[in-house]
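# Examining the three-dimensional arrangement
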Amino acid sequence: MNNRKISTVRGMHDTYGTSFYKQRSIIESFIKVVSLLNFTPMNTPIIEHSEVFLRTLGDSSDVVMKEMYTFLDKSNDSVTLRPEGTAGIARALISNGFTQNLPQKYFYYGPMFRYERPQQGRLRQFNQVGLEFFGKGSYFEDCEVIRAAHHFLIELDIKKDVKLKINTIGKTDSRKSFIKEIKAYFYSNKKKLSSDSLKRLDRNPLRILDSKAPEDIALLEKAPVIYDFLKTEEVNSFKNVKSTLKELDISFTVDPYLVRGLDYYSDTTFEFTLTKNDRFAVLAGGRYDNLINELGGGKISGVGWAAGVERLESLLLKGPLINLPILLIPTNEKYMNYVLRISNKLYFQNVKNQILDHFNLKKSLKYANKVKAKIVLIIGDEEFKSSKFSLKNLESGTQVTVNEKELFEKIKNE
RNA sequence: GCGACUGUAGCUCAGUUGGUUAGAGCGCUGGUUUGUGGUACCGGAGGCCGUGGGUUCGAUCCCCAUCAGUCGCCCCA
């Protein structure tokens, strides 16, 4: 009665085949790069107390307002599927007392959940790779995480498709006075604002800065600029970030309108976006001075970034080839034990292989084509009797009869 | 949260101005070939036309809702 086909939950996809391998290779590249820079792995739970995100991300952010998977568990505790990675890592730093021993450098990867409308480059369950650097809060740390990002994108061979934008949004005090000014400025120009920005005015005025609406962009020309509100120390730190990036040959543009959506950010912010599509952020991050404190861990500064695995995947042209070096074809069930032993020998030589139990040569060869097997080994009556194999190369079509010793020699040469 | 388009066979898609048995290509399967694939030819299976409701004598088609996909906005990785 209820036997219609079941589907996935909206915005949550199955990953298999080429896509699976592509994602795995992205994560492998990530681990390779960040391990060389001595970031260490950390896994945090996918579910956290809702508080972890409520206290850090900011009440006004869209993530908190409408995108969190929050529910009561069976003890009536409010828990949330993590919408991002930083808050969990920061929580772990505090929970485990690692704040006593700085600096600490961590990387992570795994699924994140946001209840949004799915569209290009956006899913409700998606994977992120990311890293965090907790230390004294110097420009060196900013550059260190940007350096890691730069190497990562080169490793993936997509550095050529993206550009780096950086900015600073100052520390809390400077930012507060800046926000006060732009709020006043936009209020006095209220009638000229776009309807979207009108809504942002009270909730999150910083966001008006990176608005794409032409009427807003026109207003920005005469708007106050963050740099006029920075203290000397903040200005110098940003200068140092820029000169160090130049030293590292990491090209960037300074975008005074680059702001971050989450409340915990301060000082340096950065974003790698597609050169041909400014809105497509591939990797983004920044510094956060208040996050640890919000979670009760004291005044510790951190800087980090996250990148969307599926977004990166969409930029990779070629996935790894899925192939099968050897397919073992017994023509009769009575040879199975023998074939299993051969399969094990191949396994211990690190040769990927599969046994097919069709016991029908024609079907088996058709299957071999489909799975792109390079070589098939046929074991039938004649072969079994004489302890030999018919070794057929499916690409060339040639077939030879070999004994076990010759078989392994031949395979080594392939 | 707002908006646009789409949903017919395993896949890609035709189609019906509302009318009896809903089509193609690819794929699958059987045979020509009882141990030799990728080619060719001949057969076959496979569809509550996304789901629920409404209008109608009659709905896959029209209307409403809902679910899913794709794409914009908002926002973000």
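Calculation notes
- Residues numbered from 1 in each chain as written.
- Chains lettered and ligands numbered in written order.
- Predicted model: local features only at pLDDT ≥ 70, side-chain atom pairs only at ≥ 80, totals over all residues.
- Heavy atoms only, no water.
- Helix = DSSP H or I, 4+ residues; strand = E, 2+ residues; numbered from the N terminus.
- Buried < 20%, exposed > 50% of the residue type's maximum accessible area, 1.4 Å probe, protein only.
- Contact = heavy atoms within 4.5 Å.
- Lys, Arg positive; Asp, Glu negative; His and termini not counted.
- Charge placed at Lys NZ, Arg CZ, Asp CG, Glu CD.
- Core = buried A, V, L, I, M, F, W, Y, C linked by side-chain atoms within 4.5 Å.
- Domains from an automatic or database assignment.
- Salt bridge = Lys/Arg side-chain N within 4 Å of Asp/Glu carboxyl O.
- Phe/Tyr/Trp six-rings, centres within 6.5 Å; stacked < 30°, edge-to-face > 60°.
- Axes fitted to C-alpha atoms, helices over the stretch in contact; angles between N-to-C directions.
- Parallel < 35°, antiparallel > 145°, perpendicular 65-115°, else oblique.
- Left-handed = near helix turned anticlockwise from the far one by under 90°.
- Pairing = 2+ DSSP bridges.
- Near = heavy atom within 4 Å.
- Polar contact = N/O pair within 3.5 Å; in protein donor to acceptor, adjacent residues only side chain to side chain.

### Quick look at the overall build of chain A
- The number of helices and strands found in chain A is 15 helices and 16 strands.
- Judged by the C-alpha coordinates and their principal axes, chain A covers about 95 × 60 × 45 Å.
- Counting across all 414 residues of chain A, residues that qualify as buried make up 48%.
- Within chain A, counting contacts between residues at least 6 apart in sequence, those at least 24 apart form 68% of the total.
- Looking at chain A, you have 63 positive and 50 negative side-chain charges, and the mean spots of the two groups are 5 Å apart.

### Details of the nonpolar core
- The biggest cluster of nonpolar side chains holds 43 residues, and the ones touching the most others in it are Leu-57, Phe-134, Phe-186 and Tyr-264.
- Listing elements by their share of this core, those giving two or more residues are α2 (50-57), α3 (62-66), α4 (86-95), β5 (104-113), β6 (125-135), α6 (172-188), α8 (214-220) and α10 (291-294).
- No other element matches α4, which puts five residues into this core.
- Of the domains in this structure, domain 1 (17-171 + 231-315) and domain 2 (173-223) are the two that each give at least three residues to this core.
- Apart from the residues lying within four places of it in its own chain, the contact partners of Tyr-264 are Thr-56, Leu-57, Glu-84, Thr-86, Arg-287, Tyr-288, Asp-289, Asn-290 and Leu-291.
- Grouped together as the second largest cluster of nonpolar side chains are 41 residues, Ile-26, Val-33, Leu-245 and Phe-252 included.

### Observations concerning the pattern of salt bridges
- Taken as a whole and assessed by the stated rule, the structure comprises 17 salt bridges.
- In this structure, the salt-bridge partner of Arg-24 is Glu-28, at a minimum N-O distance of 3.9 Å. Placement of both Arg-24 and Glu-28 in helix α1 (residues 17-36) is noted, with a separation of four residues, approximately one turn of the helix.
- A salt bridge links Lys-160 to Asp-161; the shortest N-O distance between them is 3.6 Å.

### Focus: the packing of aromatic side chains
- This structure, assessed with the given rule, holds 20 aromatic pairs.
- Taking 6.2 Å as the distance between ring centres and 70 degrees as the angle between the ring planes, the aromatic pair formed by Phe-134 and Tyr-288 counts as edge-to-face. Pair noted here: Phe-134 is in strand β6 and Tyr-288 is in strand β10 (residues 277-288), with a separation of 154 residues, a long-range link.
- You can call Tyr-288 buried: its relative accessible area is 1%.
- Ring geometry for Tyr-227 against Phe-238: centres 6.1 Å apart, planes inclined by 20 degrees, an arrangement best described as stacked. Here Tyr-227, found in the loop between α8 and α9 (232-247), pairs with Phe-238, found in helix α9; they are 11 residues apart in sequence, far enough to count as distant.
- According to the relative accessible area criterion, Phe-238 is buried, its value standing at 6%.
- By the ring-pair criterion, three or more aromatic residues cluster together here, those being Phe-30, Phe-107, Phe-152 and Trp-305.

### As for the packing of α1 against helix α5 (residues 139-155)
- Taken N-terminus to C-terminus, the directions of α1 and α5 make an angle of 140 degrees; their axes are 9 Å apart at the nearest point. On the basis of the axis angle, α1 is oblique to α5. Remark: the crossing between α1 and α5 carries right-handed chirality. Across from Ile-26, Ser-29, Phe-30, Lys-32 and Val-33 in α1, the residues of α5 making contact are Ala-148, His-151, Phe-152 and Glu-155.

### Things to note about the pairing of strand β7 (residues 162-168)
- When you tally the buried positions in β7, you get six out of seven residues, the bulk of the element.
- Where β7 meets strand β9 (residues 266-274), seven bridges bridge the pair, whose relative direction is antiparallel. Among the inter-strand pairings, Lys-165 is bridged to a residue of β9, identified as Glu-271.

### Side note on the protein's contact with RNA strand B
- Close to RNA strand B lie 50 residues; Arg-114, Arg-122, Arg-200, Arg-207 and Arg-279 are nearest.
- A share of 50% of the atoms of RNA strand B within 4 Å of the protein falls on sugar and phosphate groups.
- Between Gln-119 and RNA strand B, the recorded distance is 3.1 Å, taken from a side-chain N or O atom to a base nitrogen.
- Contacts to RNA strand B include Val-282, whose backbone N or O atom sits 3.0 Å from a sugar or linking oxygen.

### Describing the pairing of strand β14 (residues 373-379)
- Of all seven residues in β14, six are buried; the element is thus mostly enclosed.
- Two strands pair when backbone bridges link them, and β14 and strand β15 (residues 388-393) are joined in this way by four bridges, in the antiparallel orientation. Considered in β15, the bridge of Leu-377 is made with Leu-391.

### Section: the sheet that holds strand β16 (residues 399-403)
- Here we have five strands laid out as an open sheet, ordered β13-β12-β14-β15-β16, and mixed in their pairing. Only two strands of the sheet have a single partner each, and these edge strands are β13 (353-355) and β16. The sheet shows a mean angle of 25 degrees between the axes of neighbouring strands, taken without regard to direction.
- Two elements, strand β12 (residues 324-330) and β13, share three bridges in a ladder whose sense is parallel. Bridge pairing in β13 links Leu-327 to Gln-354.
- Sheet contacts for helix α13 (residues 361-370): β12, β13 and β14; angle to β12, the most-contacted strand, approximately 170 degrees.

### Things to note about the domain arrangement of chain A
- Per the domain assignment, the segments making up chain A are domain 1 (17-171 + 231-315), domain 2 (173-223) and domain 3 (326-413).
- Summarising the inter-unit geometry, the C-alpha centres of domain 2 and domain 3 are found 70 Å apart.

### Overview of unusual backbone geometry
- Look at the link from Leu-102 to Pro-103: it is a cis peptide, with omega at 0 degrees.
- Tracing the backbone through its elements, the reader meets Pro-103 in the loop between α4 and β5.
- At Asn-76, a position not held by glycine, the phi torsion is positive, near 65 degrees.
- By the element assignment, Asn-76 lies in the loop between β3 (69-72) and β4 (78-81).

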